[in-house]
Amino acid sequence: SYCYQWRDFADSWHISKQIKQLGQCMSQDCEQSLESGGEVTPGCRFLDENGFCYAYGSAQLWCAKNTGSQYCRDGGSDWGKPPLGSADPDADQTGWTPGTFPL
């Protein structure tokens, strides 16, 4: 995933590569926020410590069942369609908003 590459390697990259990679990461998170919901493509409600969506549906679903975990930063129930949250499953978008990230 673009976000995990940025998290793990950005400090060794030139600033122009950091900016490009972060843009790709933000696009990836935006696309994920528009997923249909359900077990296979649950969307993005829960974030990691850097403010990025957990890319794997299994991680999103784990966080939905373990909301008290320090690893699951909750964007709010309107960020996810069922089973992650309460956003309208027939709507084109959720309440998800992009993060802001330092370079």
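Here the structure is a predicted model, which means the values were calculated and not measured.

Novice: Even after reading the chapter, I still don't get the overall build of the protein chain, so can you show me in this structure?
Specialist: Of regular secondary structure, the protein chain possesses three helices and two strands. What you see in the protein chain, going N to C, is helices and strands ordered as α-α-β-α-β. Its C-alpha atoms give the protein chain a radius of gyration of 14 Å, within 12% of the compact-globule value 13 Å for 103 residues. Dimensions of the protein chain, computed from C-alpha atoms along their principal axes, come out at roughly 40 × 30 × 20 Å. Here the protein chain, with 103 residues, has 38% of them falling under the buried criterion.

Novice: I'm lost on the state of the cysteines in this one. Help?
Specialist: Think of a disulfide as a covalent bridge from one cysteine sulfur atom to another cysteine sulfur atom. Inspection of the entire model under this criterion finds three disulfides. Bridging cysteine 3 to cysteine 25, the disulfide has an S-S length of 1.9 Å. Because the sign of the S-S torsion sets the handedness, a value of about 100° for the bond joining cysteine 3 and cysteine 25 places this disulfide among the right-handed ones. Here the residue cysteine 3 occupies a position in helix H1 (residues 2–9), and cysteine 25 occupies one in helix H2 (residues 15–33), the gap between them amounting to 22 residues. The disulfide partner of cysteine 44 is cysteine 53, and the S-S distance across this bridge is 2.1 Å. The S-S bond linking cysteine 44 to cysteine 53 shows a torsion near -95°; that makes this disulfide left-handed.

Novice: Would you take a moment to explain the environment of leucine 84 for this structure?
Specialist: Turning to its location among the elements, leucine 84 is positioned in the segment after strand S2 (73–74). Discounting residues that sit within four places of it in the chain, leucine 84 has contacts with Pro42, Gly43, Cys44, Arg45, Phe46, Gln60, Leu61 and Ala64.

Novice: What is the right way to read the packing of aromatic side chains from this model?
Specialist: Two descriptors summarise a pair of aromatic rings, namely the distance from one centre to the other and the angle between the planes of the rings. A full pass over the atoms with the stated rule returns three aromatic pairs. With 5.7 Å between their ring centres and 85° between their planes, tryptophan 6 and phenylalanine 52 make a pair best called edge-to-face. With a gap of 46 residues between them, tryptophan 6 in helix H1 and phenylalanine 52 in the loop between strand S1 (46–47) and helix H3 (57–65) connect regions that are remote in the sequence. Of the residues examined, tryptophan 6 reaches a relative accessible area of 12% and is grouped as buried.

Novice: Even after reading the chapter, I still don't get the environment of leucine 34, so can you show me in this structure?
Specialist: Tracing the backbone through its elements, the reader meets leucine 34 in the loop between H2 and S1. C-alpha of leucine 34 to C-alpha of phenylalanine 9: the two residues are 25 residues apart in sequence and 27 Å apart in space. Every residue in contact with leucine 34, bar those within four places of it in the chain, is listed here: Asp92 and Gln93.

Conventions and cut-offs
- Residues numbered from 1 in each chain as written.
- Predicted model: local features only at pLDDT ≥ 70, side-chain atom pairs only at ≥ 80, totals over all residues.
- Heavy atoms only, no water.
- Helix = DSSP H or I, 4+ residues; strand = E, 2+ residues; numbered from the N terminus.
- Rg over C-alpha atoms; globule rule 2.2 N^0.38 Å.
- Buried < 20%, exposed > 50% of the residue type's maximum accessible area, 1.4 Å probe, protein only.
- Disulfide = S-S within 2.5 Å.
- Contact = heavy atoms within 4.5 Å.
- Phe/Tyr/Trp six-rings, centres within 6.5 Å; stacked < 30°, edge-to-face > 60°.

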